[in-house]
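# Geometric and topological summary
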There are 4 protein chains.
Amino acid sequence: MPDHADTTVRVRYAETDQMGIVYHANYFVWFEVGRVELCRQLGLEYARMETEDDSFIVVAKASCRYKRPARFDDLLTVRTRVAEWQRRTIRFAYEVFHQASGELIAAGETLHVVCDRLGRPKSLPAKYRSCFATAGCPPAQSPGAATQRRKAHDSN
Amino acid sequence: MPDHADTTVRVRYAETDQMGIVYHANYFVWFEVGRVELCRQLGLEYARMETEDDSFIVVAKASCRYKRPARFDDLLTVRTRVAEWQRRTIRFAYEVFHQASGELIAAGETLHVVCDRLGRPKSLPAKYRSCFATAGCPPAQSPGAATQRRKAHDSN
Amino acid sequence: MPDHADTTVRVRYAETDQMGIVYHANYFVWFEVGRVELCRQLGLEYARMETEDDSFIVVAKASCRYKRPARFDDLLTVRTRVAEWQRRTIRFAYEVFHQASGELIAAGETLHVVCDRLGRPKSLPAKYRSCFATAGCPPAQSPGAATQRRKAHDSN
Amino acid sequence: MPDHADTTVRVRYAETDQMGIVYHANYFVWFEVGRVELCRQLGLEYARMETEDDSFIVVAKASCRYKRPARFDDLLTVRTRVAEWQRRTIRFAYEVFHQASGELIAAGETLHVVCDRLGRPKSLPAKYRSCFATAGCPPAQSPGAATQRRKAHDSN
């Protein structure tokens, strides 16, 4: 099982702005594209999670650091991994590379809370947990440990 | 009751593209802003139509003619009117003006079919029909009449 | 040389709306994706046309008919062809198919005017014209002929 | 001079997703709306900064915490302030409130680097610095001080 998924995205004209580069909010859409693809490779169909398991992966936090601009028609790789998961939350990490140069152009994270159709937090269904477990994404053993790792990331 | 609604939209940076003007697909979003506002002024809350009356206004056709560019931070007026309605369809017409110059920058139309939650076409609930009627938007008297008016429009 | 280009688009979560289907304005973005790909297959790099040939392909008119909904994660084919071109304008036609069922879900057109960096209309550079010509996209022989074909299309 | 700007945003149908709430990336667009409005109230026209002063405010970092969902047609207040500025960077902070309930629904930050047309970092022109200064946004006195304040924010 993969510990990350690489997805190709080609920059659309619609995604550029008058500065001639990609408008920054669009990176979060690409993160979503990468996240859906990682889930698929882990055997989890996002669409089915909603309809069959009443599990919605609501975004609680999102962040991105922009290193270099992306331009119209660029081919990019969105690399996605599960950074951490707990009973009710999943944290994904993303890196976006420029395929031609190999350069890292952005890196980000999203934190998600599992909710039911009505927006009430619930535990991640067991079958998803086992998926993440076999994918080599160990759950955070304690809130303390999680915080420590997050701090290490933030100080990069 | 108004026969049209004027709504102000200020161009967002996100809506521009690398040509330095508004990306064309965004005009359809502004049309939606105008449509929702016209409905509100007619006493119809779009949000309630969906939740309380199981009436979804699905887009069946959309078109726009672009006359002049719109630019970041421009103040625009979106003028919306009901061009025509029948038992199951509504046609809205839009004009977008540049507020500073008064110039027409785009004009368009959308045709909508009333559907229930499952996407099945249904008749427009009576209370909406009376709203449109008092607003001076007569229903098309016959398919022939509707077609004739549409032709007149297309040849503009 | 191809007379059309088929491009795959997977529906993004960001492209859906609260009706549970793709928001209609996004089809125009997919048309752009198809248009850029067709140009690439004809040997025309959209990005270079702007920077090297000072030729911007400005949208003058856009329209779409929606036949069936598209949903999150659906794989779609955007089929694009040059419907007609003249000295200063190009008209592209699009069909969007649902890959799983083969069903046509939408069809549309965009009309473009070739402009320079300052937005002034100009003739399509000769090298592009020969591209379109060899691709089996004959120029409209006369305004009258073009109009007639367009009428035939509109009456569909 | 104001130390913050309040801007009203009404949620567009286009901004919702199939979960029935606003798609998370759109908050960053609202942040931009608030940022442009704050600059305007400080006497800085964003559009002119680019054309007249060759100063582009490139996004280097963006983050958002989502507290409560926003829904179609909701009226929201985007409250924006300059959290900190230095010679070449500006940090804006945002809070989004639901106007009907007064509840905070999201809070975020963006860090910007001032660049010229070619993307090279440059110092913020003096006239902007004096604007921020009189607006009660003191520059960070030292990297250490800035970091400390940021940490206090992150631990909220």
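Residues numbered from 1 in each chain as written. Chains lettered and ligands numbered in written order. Predicted model: local features only at pLDDT ≥ 70, side-chain atom pairs only at ≥ 80, totals over all residues. Heavy atoms only, no water.

## Regarding empty space enclosed by the protein
With the rule as written, the count across this model stands at 1 cavity of 30 Å³ or more. Estimates place the volume of the largest cavity at around 750 Å³. Lining the largest cavity are 30 residues, with A:Asn26, B:Ala14, B:Asn26, C:Asn26 and D:Asn26 sitting closest to its centre. Of all the secondary structure elements, the ones that give two or more residues to the lining of the largest cavity are α1 (26-41) of chain A, α1 (26-41) of chain B, α1 (26-41) of chain C together with α1 (26-41) of chain D. Here the residues of the lining of the largest cavity are counted per class, giving 16 nonpolar, 6 polar and 8 charged. (1 Å grid on protein atoms, 1.4 Å probe; cavity = no way out; pocket = protein on both sides within 12 Å on 5 of 7 lines; lining within 4 Å. Points joined across faces, edges and corners; volume = space filled by probe spheres on them. Helix = DSSP H or I, 4+ residues; strand = E, 2+ residues; numbered from the N terminus. Nonpolar A, V, L, I, M, F, W, Y, C, P; charged D, E, K, R; others polar.)

## Overview of the packing of aromatic side chains
As enumerated under the stated definition, the model contains 30 aromatic pairs over all chains in all. Centroid distance A:Phe28 to A:Phe31: 5.6 Å. Interplanar angle 75 degrees. Geometry classified as edge-to-face. Of this pair, A:Phe28 and A:Phe31 both sit in helix α1, 3 residues apart, which is roughly one turn of the helix. We note that A:Phe28, like A:Phe31, is buried. Taken together, the aromatic side chains of A:Phe28, A:Phe31, A:Tyr94, D:Phe28, D:Phe31 and D:Tyr94 make up a single cluster linked through ring pairs. (Phe/Tyr/Trp six-rings, centres within 6.5 Å; stacked < 30°, edge-to-face > 60°. Buried < 20%, exposed > 50% of the residue type's maximum accessible area, 1.4 Å probe, protein only.)

## Things to note about the relation of the copies chain A and chain D
Between chain A and chain D, which share one sequence, the superposing operator has a rotation angle of 180 degrees and an axial displacement of 0.0 Å; the RMSD is 0.0 Å. Within this description, the copies of the chain are treated as partners about a two-fold rotation axis. No C-alpha of chain A lies nearer the rotation axis than that of A:Ser63, which sits 2.0 Å from it. By residue overlap, the copies meet face to face through one surface: 100% of the interface positions of chain A are interface positions in chain D. (Least-squares fit on C-alpha atoms with pLDDT ≥ 70 in both. Contact = heavy atoms within 4.5 Å.)

## A closer look at the interface of chain D and chain C
Counting residues at the interface gives 9 residues for chain D, matched by 9 residues for chain C. The junction of chain D with chain C conceals about 940 Å² of combined surface from both sides, 59% of it contributed by carbon and sulfur atoms. Sorting the residues of chain D by area buried against chain C places D:Tyr13, D:Gln18 and D:Tyr23 first, and these three jointly supply 60% of that buried surface. Seen at the junction of chain D and chain C, the total is 0 salt bridges. (Buried area = accessible area lost by both parts, 1.4 Å probe. Salt bridge = Lys/Arg side-chain N within 4 Å of Asp/Glu carboxyl O.)

## Notes on the pairing of strand β4 (residues 89-98) of chain B
Residues and elements named next belong to chain B. Most of β4 is tucked away, with 8 of its 10 residues classed as buried. Counting the residues that bridge the hairpin from strand β3 (residues 75-85) to β4 gives 3 residues. Where β4 folds back onto strand β5 (residues 104-115) in an antiparallel hairpin, the turn is made up of 5 residues, including Gly 102, whose phi is positive at roughly 80 degrees. (Pairing = 2+ DSSP bridges.)

## Quick word on helix α2 (residues 46-53) of chain A
For the α-helix, the turn length of 3.6 residues means that residues three or four positions removed from each other point alike. All names here are of chain A. Here α2 has its buried residues at Tyr 46, Met 49, Glu 50 and Asp 53. Buried residues of α2, seen end-on, are gathered within an arc of 120 degrees and therefore sit on one face of the element. Away from the buried face of α2 by more than 90 degrees, exposed residues Thr 51 and Glu 52 are located. Of the surrounding elements, those touching the buried residues of α2 are α1, β2 (56-66) and α3 (126-134). (Arc of directions from axis to C-beta.)

## A few points about the sheet that holds strand β4 (residues 89-98) of chain C
As summarised here, the arrangement of the 10 strands in space is β1(B)-β3(B)-β4(B)-β5(B)-β2(B)-β2(C)-β5(C)-β4(C)-β3(C)-β1(C), forming an open sheet in which the pairing is antiparallel. The open sheet is flanked by β1 (5-10) of chain B together with β1 (5-10) of chain C, the only strands paired with a single partner. Strand after strand, the sheet turns through a mean of 25 degrees between neighbouring axes, direction not considered. With 5 bridges joining them, strand β2 (residues 56-66) of chain B and strand β2 (residues 56-66) of chain C adopt antiparallel strand pairing. Counterpart to B:Ala62 in the pairing with β2(C) is C:Cys64. (Axes fitted to C-alpha atoms, helices over the stretch in contact; angles between N-to-C directions.)

## Observations concerning the relation of the copies chain D and chain C
Least-squares fitting of chain D to chain C yields an RMSD of 0.0 Å, with the superposition described by an axial translation of 0.0 Å and a rotation of 180 degrees. Most of the interface of chain D is mirrored in chain C: 100% of its interface residues are interface residues there too.

## Things to note about the interface of chain A and chain D
Contacts between chain A and chain D engage 21 residues on the former and 21 residues on the latter. For the pairing of chain A and chain D, the buried interface totals around 1900 Å² over both sides, and the portion due to carbon and sulfur atoms is 59%. Here chain A and chain D share 0 salt bridges between them. Scanning the region where chain A abuts chain D turns up 8 residue pairs in polar contact (both at pLDDT 80 or more). Elements represented by at least two residues in the side of chain A that touches chain D include exactly α1 and β2 of chain A. For the side of chain A that touches chain D, the element with the most residues is β2(A), which contributes 11 residues. In terms of residue class, the side of chain A that touches chain D is built from 13 nonpolar, 3 polar and 5 charged. (Polar contact = N/O pair within 3.5 Å; in protein donor to acceptor, adjacent residues only side chain to side chain.)

## Focus on the pattern of salt bridges
The full count for this structure, using the stated rule, is 48 salt bridges over all chains. Three or more residues joined by partner-sharing salt bridges are found here, namely A:Arg10, A:Asp73, C:Glu37 and C:Arg40.

## Comments concerning the sheet that holds strand β4 (residues 89-98) of chain A
Strands sit in the order β1(A)-β3(A)-β4(A)-β5(A)-β2(A)-β2(D)-β5(D)-β4(D)-β3(D)-β1(D) across an open sheet of 10 strands; the sheet is antiparallel. Here the strands that pair on one side only, and so sit at the sheet edges, are β1 (5-10) of chain A together with β1 (5-10) of chain D. Across the sheet, the axes of successive neighbouring strands diverge by a mean angle of 25 degrees, strand direction being ignored. Alignment of β1(A) against strand β3 (residues 75-85) of chain A, held across 6 bridges, turns out to be antiparallel.

## Quick word on unusual backbone geometry
What you tend to see is this: most non-glycine residues have negative phi, and most peptide bonds are trans. Of note in this structure, B:Asp54 is not a glycine but carries a positive phi near 50 degrees. Counting through the fold element by element, B:Asp54 comes out in the loop between α2 (46-53) and β2. On the basis of relative accessibility, which here comes to 28%, the residue B:Asp54 falls in the partly exposed class. Here C:Asp73, not a glycine, exhibits a phi torsion of approximately 75 degrees, which is positive. Among the secondary structure elements, C:Asp73 is positioned in the loop between β2 and β3 (75-85).

## Observations regarding the side chain of D:Thr110
All names here are of chain D. Note on placement: Thr 110 falls in strand β5 (residues 104-115). Among the polar contacts made by the side chain of Thr 110, one reaches the side chain of His 112 at a distance of 2.7 Å. Residues within four places of Thr 110 in sequence aside, it is in contact with Arg 35, Lys 61, Ala 62, Ile 90, Arg 91, Phe 92 and Tyr 94.

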